[in-house]
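Chain by chain, the residues run as shown.
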Amino acid sequence: MNPATTAALAASLAFVVQGGVLAGLLIRDRLWWPGWPLLRPLLAVVAADLVMLAGLTALMPSLRGSLSIDAAIGWRLGALMLLCVAGLGLYAVAGRLLGAFHLRELGRLGRPV
């Protein structure tokens, strides 16, 4: 496993641990209790993340040469941009199909609650 993969896994694990600790503290203080209306979209987000992970993992072998340190900077940037766009596209489609979010919610972003 290369250092970039290790760093990404460590950051992901830290995010999961922080979320779990926060949820545990909120439940302990009776400030939040997870119910099905909230758990369903959260599980859909996790499922969409897994779909994105699987898609990007499948794409990586074909980009290995373009992402190597020996590749020209243009090829490396192009491969990185392709990974970012593919990840965004996979997550958006999977999230929408699994019910993680709805397009009508995008209009509410930035507005006060």
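Residues numbered from 1 in each chain as written. Predicted model: local features only at pLDDT ≥ 70, side-chain atom pairs only at ≥ 80, totals over all residues. Heavy atoms only, no water.

Tallying secondary structure elements over the protein gives three helices and zero strands in all. When the helices and strands of the protein are listed from N to C terminus, the series reads α-α-α. If you line up the protein on its principal axes, its C-alpha atoms span 55 × 30 × 25 Å. Burial statistics for the protein: of 113 residues in total, 11% are counted as buried. Within the protein, counting contacts between residues at least 6 apart in sequence, those at least 24 apart form 48% of the total. With an accessible surface of roughly 8,800 Å², the protein has 74% of that area assigned to carbon and sulfur atoms. Across the protein, 9 positive and 4 negative side-chain charges occur, with their mean positions spaced 9 Å apart. (Helix = DSSP H or I, 4+ residues; strand = E, 2+ residues; numbered from the N terminus. Buried < 20%, exposed > 50% of the residue type's maximum accessible area, 1.4 Å probe, protein only. Contact = heavy atoms within 4.5 Å. Areas by Shrake-Rupley, 256 points an atom, 1.4 Å probe, with all protein chains shown as cover. Lys, Arg positive; Asp, Glu negative; His and termini not counted. Charge placed at Lys NZ, Arg CZ, Asp CG, Glu CD.)

Chain-level pLDDT for the protein is 87 on average; 90% of the residues reach the 70-or-more range. Mean pLDDT per element in the protein: helix H1 (residues 3–28) is the minimum at 87, and helix H3 (residues 73–98) is the maximum at 93. (pLDDT = per-residue confidence, 0-100.)

Let us now look at the packing of aromatic side chains. A full pass over the atoms with the stated rule returns one aromatic pair. Judged by centre distance (6.0 Å) and plane angle (35 degrees), the rings of tyrosine 91 and phenylalanine 101 are tilted. On the criterion of sequence distance, the pair formed by tyrosine 91 in helix H3 and phenylalanine 101 in the segment after H3 is long-range, its members being 10 residues apart. Judged by its relative accessible area of 22%, tyrosine 91 falls in the partly exposed class. (Phe/Tyr/Trp six-rings, centres within 6.5 Å; stacked < 30°, edge-to-face > 60°.)

This brings us to a nonpolar patch on the surface. Taken together, the side chains of Trp36, Leu38, Leu39, Leu42 and Leu43 make up a nonpolar region of the molecular surface, amounting to roughly 490 Å² of accessible area. Residue classification places tryptophan 36 among the exposed positions, given a relative accessible area of 58%. (Patch = residues over 30% accessible without salt bridge, like charges linked within 9 Å, V, L, I, M, F, W, Y side chains within 5 Å. Salt bridge = Lys/Arg side-chain N within 4 Å of Asp/Glu carboxyl O.)

Another aspect to go through is the environment of glycine 20. For glycine 20, the position within the fold is in helix H1. Accessibility expressed as a relative area gives 45% for glycine 20, which makes it partly exposed. Measuring from C-alpha to C-alpha, the distance between glycine 20 and leucine 59 comes to 30 Å, with 39 residues separating the pair along the chain.

With that out of the way, let us pick up the side chain of serine 66. Mapped onto the secondary structure, serine 66 falls in helix H2 (residues 36–67). Apart from the residues lying within four places of it in its own chain, the contact partners of serine 66 are Ala71, Trp75, Arg76 and Ala79.

Given a rise of 1.5 Å per residue, 26 residues ought to cover 38 Å, and the 37 Å separating the end C-alpha atoms of H1 matches this to within 8%. In the stretch just after H1, arginine 30 is the one whose phi turns positive, near 60 degrees. (Expected span 1.5 Å × (residues − 1).)

Evaluated as defined, the whole model comprises one salt bridge. For the salt bridge of aspartate 29 with arginine 28, the shortest nitrogen-to-oxygen distance reads 3.2 Å. Residue aspartate 29 is classed as partly exposed on the basis of its relative accessible area, which comes to 41%.

Time to look at H3. Note: α-helices contain 3.6 residues per turn, so residues at a spacing of three or four share the same orientation. Taking 1.5 Å as the rise per residue, H3 with 26 residues should run 38 Å; its terminal C-alpha atoms sit 37 Å apart, in good agreement. Looking at H3, one finds that the buried residues are Ala79, Leu83, Gly87, Ala94 and Gly95. Just past H3, the residue glycine 99 takes up positive phi, approximately 85 degrees.

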